[in-house]
Amino acid sequence: MSDHSMAALALFVMLAPPAAAQTDLVDAIKNLDARVYAPKSAEAKELQQQLGKWLRGQRDQVNRRDVQAWDAIRTKEDWEHFRKQKIDALRRSLGSAVAFSPGSKNRGGPAVHITNTIPGDGFVIDNLVYESQPDLWVTANLYRPDKIGGSHPGILVIHSHHNPKTQGELQDMGMTWARAGCYVLIPDQLGHGERRQHPFVNEKCYPGPFRVGRQDYHFRYNVAMHLHLIGESLIGWMANDMMRGVDLLYAKPGIDKKAIILLGSVAGGGDPAGVTAALDPRVTCVVPFNFGGPQPETRFPLPADARLSFNYMGGGSWESTRGLRLAGRDGFLPWVIVGSVAPRALIHAHEFKWDQERDPVWARYGQIFKLYGAGDKLSFSKGAGAVTGSGPGNTHCNNIGVVHRKAIHPMFEKWFGIKATEYSMRLPSEKLQCLTPEVKAKIKLTPVHELVGRMADEDVQAFRKQVRGKPPENQRAELARRWKQLAGMPDLGRAVLTYDKDRTLPDGTTTLLGLITTNEIRVPLLKLLPAQRQGGAAVVIAVAQEGKAAFLKNRGDAIARLLRDGVTIVLPDLPGCGEAANPGEGRGRTSGSTSTSATAQMLGTTIFGLRLRCLGHVIDHVGAFDKKAPIILWGDSFAPVNAADTRFEAPYDVDKMPRLAEPTGPMLALVAGVVFDAPIQAIYTRGGLVSFRSLLDSRFIYVPHDAAIPGALLAGDLDDLAALYLVRKGTRLAIEAPVDGLNRALGQAAIESAYASALKARGVDAGRLRLSAQPSAAADVAAWLRGAK
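Description of the structure in this document.

## Describing unusual backbone geometry
Thinking step 1. Looking along the chain, the bond that leaves phenylalanine 300 and enters proline 301 is cis, with omega of 0°.
Thinking step 2. If you trace the backbone, proline 301 turns up in the loop between β7 (285-288) and α10 (306-309).
Thinking step 3. Of note, the amide linkage connecting alanine 342 to proline 343 takes the cis form, showing an omega dihedral of 10°.
Thinking step 4. Topologically, proline 343 is positioned in the loop between α12 (334-339) and β8 (345-349).
Thinking step 5. One non-glycine residue, aspartate 135, lies in positive phi territory at about 70°.
Thinking step 6. Among the secondary structure elements, aspartate 135 is positioned in the loop between β2 (123-133) and β3 (136-145).
Thinking step 7. The exposure class assigned to aspartate 135 is buried, which follows from its relative accessible area of 18%.

The structure is reproduced here in structure tokens:
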């Protein structure tokens, strides 16, 4: 802690009024002001904002490394070596769905069912479904020339998140290019249209006002979280859908395989278009709107030093398809993804105005295509105005507007001989629906969360099979290795602990406020030293999302009992928790904490991993204080559970949503017990998740973004963590009042069933594990905690 910060802390402690006039220890604890910094002080504000500041610093490092790497590229060979590394990393990050080589000999075309054919003026529309993965079907409209003969380009259009495949601009493009001799495939993106992953098809589906047309978009959040749990990704599954669409086009008579064009619409279509083209060399031209360079929200004109100051990495948000996980760590930034298509044709496309002169990404594209002598294969399309503007001077569109297509048509004619004249004869959406009763009877339409659930079960069993037969301690070591990798614990450098004496409570308990300080992160904590202390007495470290103040308020009875029995209590506020949380930020889909979590994942870490690292520093300092003291971890949640009669099927923009669980504390305690070598002799958790698998039991999910750890189910489940923590001699574990993925309380039988197989497989003594559907009374909690020897 700096001298300045220490002075501010000491001043606050000196001026703060007594915690309470009562002589009762419980009341004194419940009324204790545990803040390290005075409310509204500059230091308090800096603490609340440190997580965002740290992430921005990490992002800036990524951008600097990116500029240095780009500046080092001199030749085509340099670029191709760089490109291969980055696109290989991209492919690995997306999951197994895109792990294969497109166009391989064993691939073949997808299973296809044509459910209706609609004749038009110079074109025909086939309503169809094709299978992208086993039991994952894509609904699509294929616009084709009414006369097949000669060579026909293939065009695949990815719609925006505004509307599904039947939107008017999409119909215009399908008809226009089909009349010009092209096959034009326009599928529903995963989660949209006939592939929606929610039940809210009209305003009658929920007893309250909500935006019907935005639910497809909003529920991308759930689908992405589900996929992340098994190491997959929404963008990866979208890209796989599109590659299977290319397979479909390849199977069409007369298809020109040298003219496979991929267009990604504004607002969420450009992202999967860019990624698909980077992964699939069969795509000979890509037009990714609003992806790769400046965004609609970018302020123009760009600064003169944009080459150095531009945010090439971007940032995370609840929508996972733009801020790709691991992109910052591994360097596959959006411009790399799009630029990798060279020397195939590229149109750098923007919905609104664009600063061509200062766009550093455009300059990079120019140099890349120049390396191939293919400058004529690079072009652009742009609109006018701004995303915040209204009126005719602002070229808003739903997918790709006429004004944007004006620049696209000449390039398609130049590159592929497509001579198109705009045509529009829009059909009612109902005519373009693909899922007829007949086809539903033939195929198996499986919700994504059920598909992911099946895959999760296979992944968990695969992990258990891999470690089966190894000594239990070796199994624990393997699980620890995997969780360190999954959490992505960042290196924060040396941690320094500084205490400042605060006050004495009625029974003689001493309270100390302190900070663990690393180079960039501070962890405020409260240490409660019992009046009667003995060397080797237990130390309880208690963590929760709501922080140390919530422990004092809600668990004061148990804390008082522990102090009277000589147990020391340490209450840290880990990054983004308690006093270190940004007030008013929220924890839901569109909250700042979700953006923070998504950005951390782009950087190759997780907020959970950062907190785990900081908890490790707390454990280290406790151990250094008394090397003989057994350490007990207490992970808690103070979030109210949802009642059994809660309506869980709720649209995302209604006034009152079901409550979110807050399983951070219990998860941290359980994982820490496995990954750290410190003598953690007991763990008590309350209100945590019963399993990660429970997050896949419904299309709805009521936990914060940072609780769904990417790849968590590739390393077993929480029952494996519990069982392999207990393989350590003398350890004990209590799991009380766990909840499922809907934040519902569970019955005793369900809890015991969730843990039975993992415990039996490791031969764990049932007497060392306490499973309870009900939280224990304060006296029982204290008795269990102080029972560690």
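From this point, things continue past the structure.
## Some points on the pattern of salt bridges
Thinking step 1. Going through the model one piece at a time under the given rule, you end up with 43 salt bridges.
Thinking step 2. Aspartate 216 is the partner of arginine 196 in a salt bridge, and the nearest nitrogen-oxygen pair spans 3.7 Å. With a gap of 20 residues between them, arginine 196 in the loop between β5 (183-187) and α6 (215-218) and aspartate 216 in helix α6 connect regions that are remote in the sequence.
Thinking step 3. Using a relative accessible area of 11% as the deciding quantity, one classes aspartate 216 as buried.

## Notes on the packing of helix α22 (residues 664-675) against helix α23 (residues 718-725)
Thinking step 1. Close contact between α22 and α23 brings their axes to 9 Å; oriented N to C, the two are set at 45°. On the basis of the axis angle, α22 is oblique to α23. Crossing handedness for the pair α22 and α23: left-handed. Seen from α22, the contacting residues are Leu670, Val671, Gly673 and Val674; seen from α23, they are Leu718, Leu721, Ala722 and Tyr725.
Thinking step 2. Here the residues of the contact of α22 with α23 are counted per class, giving 7 nonpolar, 1 polar and no charged.

## What to know about the packing of aromatic side chains
Thinking step 1. For the coordinates displayed, the defined rule picks out 29 aromatic pairs.
Thinking step 2. Both rings, one in tryptophan 70 and one in tryptophan 335, keep their centres 5.4 Å apart while their planes meet at 85°; by these two values the pair is edge-to-face. Linking tryptophan 70 in helix α3 (residues 42-71) with tryptophan 335 in helix α12, this pair joins segments that are 265 residues apart in sequence. The same class applies to tryptophan 70 as to tryptophan 335, namely buried.
Thinking step 3. When the ring of tryptophan 362 is compared with that of phenylalanine 380, the centres are 5.7 Å apart and the planes differ by 90°; the resulting orientation is edge-to-face. Of the two residues, tryptophan 362 sits in helix α13 (residues 360-371) while phenylalanine 380 sits in strand β9 (residues 378-381), which places them 18 residues apart along the sequence.
Thinking step 4. A relative accessible area of 16% places tryptophan 362 in the buried class.
Thinking step 5. Grouping aromatic residues by their ring pairs yields a cluster made of Phe200, Tyr206, Phe210, Phe219, Tyr221, Tyr652 and Phe700.
Thinking step 6. The lysine or arginine in question, arginine 589, covers the ring of tryptophan 318, its NZ or CZ lying 4.6 Å from the ring centre.

The rules we used
- Residues numbered from 1 in each chain as written.
- Predicted model: local features only at pLDDT ≥ 70, side-chain atom pairs only at ≥ 80, totals over all residues.
- Heavy atoms only, no water.
- Helix = DSSP H or I, 4+ residues; strand = E, 2+ residues; numbered from the N terminus.
- Buried < 20%, exposed > 50% of the residue type's maximum accessible area, 1.4 Å probe, protein only.
- Salt bridge = Lys/Arg side-chain N within 4 Å of Asp/Glu carboxyl O.
- Axes fitted to C-alpha atoms, helices over the stretch in contact; angles between N-to-C directions.
- Parallel < 35°, antiparallel > 145°, perpendicular 65-115°, else oblique.
- Left-handed = near helix turned anticlockwise from the far one by under 90°.
- Contact = heavy atoms within 4.5 Å.
- Nonpolar A, V, L, I, M, F, W, Y, C, P; charged D, E, K, R; others polar.
- Phe/Tyr/Trp six-rings, centres within 6.5 Å; stacked < 30°, edge-to-face > 60°.
- Lys NZ or Arg CZ within 6 Å of the ring centre and 35° of its normal.

By themselves, these figures tell us nothing about what the structure is for.
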